[in-house]
Amino acid sequence: GMDDIASPRRTKEIIQRHGFSFKKSLGQNFLIDQNILNKIVAAADLDSTKGALEIGPGIGALTEKLAQQAKSVTAVEIDQRLVPILQEVLEPYPHVRIHHADVLKTDLEALFQQDFADVSKVSVVANLPYYVTTPILMKLLEEKLPLENIVVMIQKEVAERMAASPGTKDYGSLSIAVQYYSVPELVCIVPRTVFIPQPNVESAVIRLTVREQPPVEVDDEAFFFLVVQASFAQRRKTIANNLKSRFFPGEGRERLEALLSEAGIEPSRRGETLSLQEYATLSNILLKAGI
Ligand code: SAM
């Protein structure tokens, strides 16, 4: 409604009264559009049994909407100056907890045990600071937290890379990493005008539905991701040339080509054409061969 934190009038009033100035270096672009906020929250599919973790609550625009839907809300904010503002504006919501911390340095497993012991499922919902989008999302996915989904506003190009299919220009190691742990869906594209201050890039909301099991069988995850990285080291090179530089330097091509053929992969293909399943098969075969 008119008096929500995210209304332009209330946002300006809060910022002025507290003498708050935006820090570009912390990716501070606050949302002032109820429609977009409602879309973000709806995509998370919250209810009064579930928990929400918000990263970077700012002055609480999204936090307030989460508080109206979820049983328990925990928000982690790096900027100390925002903590008293959040405590004031979220005072009507006793089931919201504010933690002053850098999410990248936070023990999330411990935080979950502490704050989400009494909820059925947890979503991460955030308008992320764009300078650390990928490290934050990879931390959430790699730590295998008990998450139902992750709904985040991020840079549009990054959202497109996360959701890309094999054989497209956006497909790369980020697509594979995200799709190994989750099922990504683009929720909507968002114009710059819904933020203050306006960012320099276009944005998108993406939902990652976290998988209970990876979709492919991988014998050694660290090695699987190493093979993926190596295969995209130089995008215009073939898979054989990329793998040769990384794993078979100063060796003939025979052994590499035999292993590729065992995996059913033509040596002339490029990394961007291989599916998750093909990367899984390939890395398992290379591992067994003692590479
Ligand atoms: N959620 C608010 C909104 O939508 O209006 C603010 C979003 S703003 C794009 C990003 C927020 O993340 C800022 O409040 C910023 O201070 C915070 N932030 C930046 N880096 C962070 C980090 N490493 N850990 C926690 N919060 C961070």
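About the cut-offs
Residues numbered from 1 in each chain as written. Predicted model: local features only at pLDDT ≥ 70, side-chain atom pairs only at ≥ 80, totals over all residues. Helix = DSSP H or I, 4+ residues; strand = E, 2+ residues; numbered from the N terminus. Buried ≥ 20, exposed ≤ 12 C-beta atoms within 10 Å, placed from the backbone. Contact = placed C-beta atoms within 7 Å. Expected span 1.5 Å × (residues − 1). Axes fitted to C-alpha atoms, helices over the stretch in contact; angles between N-to-C directions. Parallel < 35°, antiparallel > 145°, perpendicular 65-115°, else oblique. Left-handed = near helix turned anticlockwise from the far one by under 90°. Nonpolar A, V, L, I, M, F, W, Y, C, P; charged D, E, K, R; others polar. UniProt positions renumbered as here; feature names shortened; annotations may be inferred. Pairing = 2+ DSSP bridges. Near = placed C-beta within 6 Å. Right-handed = clockwise from strand over helix to strand, strands pointing away.

Asks: What's the story with the overall build of the protein chain in this structure? I'm lost.
Replies: Within the protein chain, the secondary structure is distributed over 12 helices and 9 strands. Taking the principal axes of its C-alpha atoms as reference, the protein chain extends roughly 70 × 40 × 30 Å. Considering the protein chain as a whole, with its 291 residues, one finds that 38% of them fall into the buried category. Relative to all contacts within the protein chain whose residues are 6 or more apart in sequence, the contacts with residues 24 or more apart total 66%.

Asks: Please explain helix H12 (residues 276-288) as it appears in this structure.
Replies: Because each turn of an α-helix spans 3.6 residues, side chains separated by three or four positions end up pointing in the same direction. For H12, with 13 residues, the first-to-last C-alpha span of 18 Å sits near the 18 Å given by 1.5 Å per residue. Buried residues of H12: Tyr 279, Ala 280, Leu 282, Ser 283, Ile 285 and Leu 286, and no others. Summarising the contacts, the buried residues of H12 are in contact with helix H8 (173-181), helix H9 (221-231), helix H10 (239-247) and helix H11 (254-262). The first or second residue beyond H12 is Gly 290, which carries a positive phi of 80°.

Asks: Can you help me understand the packing of H9 against H12 in this one?
Replies: The description of two helices packed together rests on the angle between their axes and the distance between the axes. It is at 9 Å that the axes of H9 and H12 come closest, and there the two elements cross at 110°. Relative to H12, the element H9 lies roughly perpendicular. Crossing of H9 over H12 shows right-handed handedness. For the pair formed by H9 and H12, the contact residues are Phe 223, Phe 224, Val 227 and Val 228 on the first element and Tyr 279, Ala 280, Leu 282, Ser 283, Leu 286 and Leu 287 on the second. Looking at the contact of H9 with H12 residue by residue, the class counts come to 9 nonpolar, 1 polar and no charged.

Asks: Could you clarify how one ought to interpret the UniProt feature "binding site: S-adenosyl-L-methionine" (unreviewed entry) in the protein chain in this entry?
Replies: As recorded in UniProt, the sites labelled "binding site: S-adenosyl-L-methionine" (unreviewed entry) are Asn 29, Leu 31, Gly 56, Glu 77, Asp 102 and Asn 127. You can see Gly 56 is positioned in the loop between strand S2 (51-55) and helix H3 (61-69). Excluding its chain neighbours within four sequence positions, the residues that come into contact with Gly 56 are Glu 77, Ala 126, Asn 127, Leu 128 and Pro 129. Mapped onto the secondary structure, Asn 127 falls in strand S5 (residues 122-127). Those residues in contact with Asn 127, other than ones at most four positions away along the chain, are Leu 31, Gly 56, Leu 62 and Met 153.

Asks: Would you take a moment to explain the sheet that holds strand S7 (residues 182-190) for this structure?
Replies: The strand order S4-S3-S2-S5-S6-S9-S7 describes an open sheet built from 7 strands, whose pairing is mixed. Either end of the sheet is taken by a strand with one partner, and the two such strands are strand S4 (96-100) and S7. Shown here is a sheet whose adjacent strand axes are inclined to one another by a mean of 20°, direction ignored. Inspection of the sheet shows strand S6 (residues 149-155) paired to strand S9 (residues 203-210) by 7 bridges, in the antiparallel sense. Paired with Ile 154 across the strands is Ala 204, a residue of S9. Of the strands in this sheet, S2, S5, S6, S7 and S9 touch helix H2 (residues 34-44), which is tilted by about 145° from S6.

Asks: Would you mind showing me how to read the site of the ligand here?
Replies: Surveying the vicinity of the ligand reveals 23 residues, the closest of which are Phe 30, Gly 56, Gly 58, Asn 127 and Pro 129. Sorting the residues of the shell around the ligand by element identifies strand S1 (30-31), H3 and strand S3 (72-77) as the ones contributing at least two each. Counted by class, the shell around the ligand contains 14 nonpolar, 6 polar and 3 charged residues.

Asks: Please explain the pairing of S6 as it appears in this structure.
Replies: The two faces of a sheet get side chains in turn, since along a regular strand they alternate between them. Within S6, 6 of the 7 residues are buried, which leaves it mostly tucked inside the rest of the structure. Relative to S6, S5 runs parallel, the two sharing 5 bridges. Following the sheet pairing, Asn 127 is matched in S6 by Met 153. Crossover connection from S5 via helix H6 (residues 133-142) to parallel S6: handedness right-handed.

Asks: Looking at this model, I keep getting lost on the environment of Gln 28. Mind explaining?
Replies: Tracing the chain through its elements places Gln 28 in the loop between helix H1 (8-17) and S1. Contacts of Gln 28, omitting those with residues within four sequence positions, involve Phe 22, Lys 23 and Gly 58.

Asks: Is there a simple way to explain unusual backbone geometry in this structure?
Replies: With omega at -15°, the peptide bond leading from Ile 196 into Pro 197 counts as cis. Along the chain, Pro 197 falls in the loop between strand S8 (195-196) and S9. The phi angle at Asp 45 is positive, at roughly 60°, despite the residue not being glycine. Its place among the elements puts Asp 45 in the loop between H2 and S2. Within the chain, Lys 144 stands out as a residue other than glycine whose phi angle is a positive 50°.

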